[in-house]
Amino acid sequence: MILPLLACVDDPALFDEADISVLFSAPEEDFEQRSMMSRPGYARLGATELPKEAITEILAVFDPSDEVGSIVEEGGLRYLAYIERGAMVPVVAERARVRGSVDGEGRSGPFDTSENGAWLAAGSVPTVTDLGPRFTRVEHYSRYLWVDGWMPTGEIDEVWTPSPPLDEAGDADLWLPGGVALHERRDGAMFAQTAERAWERERTGWVPATTLQRANGWRRVRIDDRMLVAIGWVDEAEIDVDAVGGWFSCGCCGGWGTWGIGGPGSPTVPADTVLYDGPDGPPVARALVDLWLSTSPSEFGGRDVTVHTPWGEAALWMEEPAG
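Rules behind the numbers
- Residues numbered from 1 in each chain as written.
- Predicted model: local features only at pLDDT ≥ 70, side-chain atom pairs only at ≥ 80, totals over all residues.
- Heavy atoms only, no water.
- pLDDT = per-residue confidence, 0-100.
- Contact = heavy atoms within 4.5 Å.
- Patch = residues over 30% accessible without salt bridge, like charges linked within 9 Å, V, L, I, M, F, W, Y side chains within 5 Å.
- Areas by Shrake-Rupley, 256 points an atom, 1.4 Å probe, with all protein chains shown as cover.
- Salt bridge = Lys/Arg side-chain N within 4 Å of Asp/Glu carboxyl O.
- Lys, Arg positive; Asp, Glu negative; His and termini not counted.
- Charge placed at Lys NZ, Arg CZ, Asp CG, Glu CD.
- Helix = DSSP H or I, 4+ residues; strand = E, 2+ residues; numbered from the N terminus.
- Buried < 20%, exposed > 50% of the residue type's maximum accessible area, 1.4 Å probe, protein only.
- Core = buried A, V, L, I, M, F, W, Y, C linked by side-chain atoms within 4.5 Å.

1. Section: the confidence of the model for the protein chain
Phase 1 of the analysis: Across the protein chain, pLDDT averages 85, with 84% of residues at or above 70.
Phase 2 of the analysis: Residue range residues 199-204 is modelled with pLDDT below 50. Its contacts to residues more than four positions away, or to other chains, number 7 contacts.

Next comes the structure, spelled out in structure tokens:
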């Protein structure tokens, strides 16, 4: 298989075809890997370095290299932008287990209900408090739990693949008050505790848990918190086994505007037009809708197009529109 693969490298048209297919794909469906930015960073389109730092939403990753090849949509255009990796958020790259100690393998392995620990889903953003060569100490706060423990260092990255859903734990049969510790073993190291809330009167919020095992005044429980699943031992002296309750949350959403959409006459950049990094350059963007952008005849044929990316103005090229 090696020789045919090497032969493909000499045919740049194959790479152009692949890049164009990226522009017409559905990012959320056709690409597994994701990433997000933690701070403003520089980017490039093809070989063109864009002038300003910016922070933007990344829909998907098509090339997880030293610069992260990212699909970004802004102002009616989809960009294939290469963004500096240092501007990305360090996240859990694949489902990883946080433990109370550094004993054992330096890899989480598949989710196993026989293991104890807090399992963080890929894409979770823990706070690194002690970076080590094999294990790193992290903190993570979620809806139900505050986690403080050790996870394999190799499972922290800037790109992740969303974790598949886990098997359901079954109906909750226990409600834990805030501040209850989860231990790796009975009387062993603590790796998490249930979240505490400030209540004006008597506490009414509790964390639902499923009992997996009971032994000598301890319970091994499973807590499911959407992005996080924790399994560990709790001291029955700290809990009220007859308590019931619940939490709820609400949120809000916002919107944003676009640039270059709508105008007099025919669109200068019709929907589905592919834009290139120069007449002989690679495809780097596609118009998702009809756009009225500034264009001018190119000395090489076709038209030069000025676009406003999240990282500042860029000069791209398109073939002459039909008609």
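2. What about a negative patch on the surface?
Phase 1 of the analysis: Side chains of E28, E29, D30 and E57 sit close together on the surface and give a patch of like negative charge.
Phase 2 of the analysis: By the element assignment, E29 lies in helix 3 (residues 27-30).
Phase 3 of the analysis: Residue E29 is classed as exposed on the basis of its relative accessible area of 70%.

3. Describing the environment of V159
Phase 1 of the analysis: The topology assignment puts V159 in the loop between strand 12 (156-157) and strand 13 (174-176).
Phase 2 of the analysis: Sequence separation of V159 and S65 is 94 residues, and the distance between their C-alpha atoms is 9.7 Å.
Phase 3 of the analysis: Not counting residues up to four positions away in its chain, the partners in contact with V159 are Q33, R34, S35, V61, P64, V68, R85 and A93.

4. As for unusual backbone geometry
Phase 1 of the analysis: Positive phi values are uncommon outside glycine, yet D187 reaches one of about 65°.
Phase 2 of the analysis: Residue placement: D187 occurs in the loop between strand 14 (181-183) and strand 15 (190-194).
Phase 3 of the analysis: The residue N216 is not glycine, and still its phi comes out positive at about 50°.
Phase 4 of the analysis: Mapped onto the elements, N216 comes out in the loop between strand 16 (207-215) and strand 17 (218-225).
Phase 5 of the analysis: Note on N216: relative accessible area 71%, which makes it exposed.

5. Side note on the pattern of salt bridges
Phase 1 of the analysis: Summed over the entire model, instances satisfying the criterion amount to 14 salt bridges.
Phase 2 of the analysis: For R39, the salt bridge identified is with E53, shortest N-O distance 3.8 Å. Here E53 lies in the loop between strand 2 (48-49) and strand 3 (60-64) and R39 lies in the loop between helix 3 and strand 1 (43-45), a separation of 14 residues in the sequence.
Phase 3 of the analysis: A relative accessible area of 41% places E53 in the partly exposed class.
Phase 4 of the analysis: Here R219 and E236 are joined by a salt bridge, their closest N and O atoms 2.7 Å apart. Taken together, the residues R219 in strand 17 and E236 in the loop between strand 18 (228-235) and strand 19 (274-276) connect sequence positions 17 residues apart.

6. Focus on the nonpolar core
Phase 1 of the analysis: One finds L45, L77, I83, V269, L275, V307 and W311 to be the most contacted residues of the largest nonpolar core, which totals 29 residues.
Phase 2 of the analysis: Mapped by element, the contributors of at least two residues to this core are strand 1, strand 4 (67-74), strand 5 (77-84), strand 20 (283-287), strand 22 (303-309) and strand 23 (312-318).
Phase 3 of the analysis: It is strand 5 that contributes the most residues to this core, 4 residues altogether.
Phase 4 of the analysis: Leaving out residues up to four positions away in the same chain, V307 has contacts with L77, Y79, L275, L293, G312, E313, A314 and L316.

7. Regarding the environment of G149
Phase 1 of the analysis: Structurally, the position occupied by G149 is in strand 11 (residues 145-152).
Phase 2 of the analysis: Owing to a relative accessible area of 1%, G149 belongs among the buried residues under this scheme.
Phase 3 of the analysis: Taking the C-alpha atoms as reference points, G149 and R137, 12 residues apart in sequence, are found 5.4 Å from one another.
Phase 4 of the analysis: The residues contacting G149, other than those within four sequence positions of it, are V98, R99, T136, R137, V138 and F191.

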